[in-house]
Amino acid sequence: MAQSQVTVKKQQELQQQYTNYKNSLQQLAQKIGDIEQDTEEHKLVLETLAPLPPDRKCFRMINGVLVEKTVKDVTPALQTNSEGLKKVLEELVRQYKRQQDDMEKWKVN
């Protein structure tokens, strides 16, 4: 009887660990998707602004406030943000792969 209780507890612990791995992988995948979408939006805006004259008026949303700027003022900030998003995306992908490898090692053991 005591042996079966230990086995049930062990199964519950293993199931909880598996659920934790799956949840963390799912959260990372969601973050990766969000960052990819933001990166694509930045790319689209930069492509749209590229042919425009540098002194042309444009608007940018900063912390929920619409700010009037010129193309030459906005473009460098967008490029910096885009590069930062790419670095974050690379790191999240590395974390995802590392977590996936950990889960696979855990499954084998």
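For every chain, the first residue of the written sequence is number 1, and numbering continues from 1 onward in sequence order. Restriction of local features to residues with pLDDT of at least 70 applies here, the model being predicted, together with a cutoff of 80 or more for giving and counting side-chain atom pairs; totals for whole chains, interfaces and linings are based on all residues. Where side-chain values are given, they derive from all heavy atoms of the structure, hydrogens and water being excluded.

A. Spatial organisation of helix H2 (residues 71–108). Taking 1.5 Å per residue as the helical rise, H2 with its 38 residues ought to reach 56 Å, and the 55 Å between its terminal C-alpha atoms agrees with that figure. Whether a residue is buried, partly exposed or exposed follows from its accessible area with a 1.4 Å probe, protein chains only, as a fraction of its type maximum: under 20%, in between, or over 50%, in that order. Every helix listed is a DSSP run of H or I at least four residues long, and every strand listed is a run of E at least two residues long, numbered separately from the N terminus. Three or more residues of H2 are buried, namely Val 71, Val 74, Thr 75, Leu 78, Ser 82, Leu 85, Leu 89, Leu 92 and Met 103. Any helix carries an expected span of 1.5 Å times its number of residues minus one.

B. View of the UniProt feature "coiled-coil region" (unreviewed entry) in the protein. UniProt positions are given in the numbering used here, feature names are shortened, and annotations may be inferred rather than shown by experiment. In this structure's numbering, the residues bearing the UniProt feature "coiled-coil region" (unreviewed entry) are residues 11–38 and 82–109. Taken end to end, residues 82–109 has its terminal C-alpha atoms 41 Å apart, with 96% of it in helix and 0% in strand.

C. Geometry of the pattern of salt bridges. One speaks of a salt bridge when a side-chain nitrogen belonging to Lys or Arg is within 4 Å of a carboxyl oxygen belonging to Asp or Glu. With the rule as written, the count across this model stands at three salt bridges. Put simply, Arg 94 and Glu 91 hold a salt bridge, and the shortest N to O gap is 3.0 Å. In this pair, Arg 94 and Glu 91 both sit in helix H2, three residues apart, roughly one turn of the helix. Note that Glu 104 is salt-bridged to Lys 107, the shortest N-O span being 3.7 Å. Here Lys 107 and Glu 104 lie together in helix H2, a separation of three residues that amounts to about one turn. Linked by salt bridges that have partners in common, Glu 91, Arg 94 and Arg 98 make up one network.

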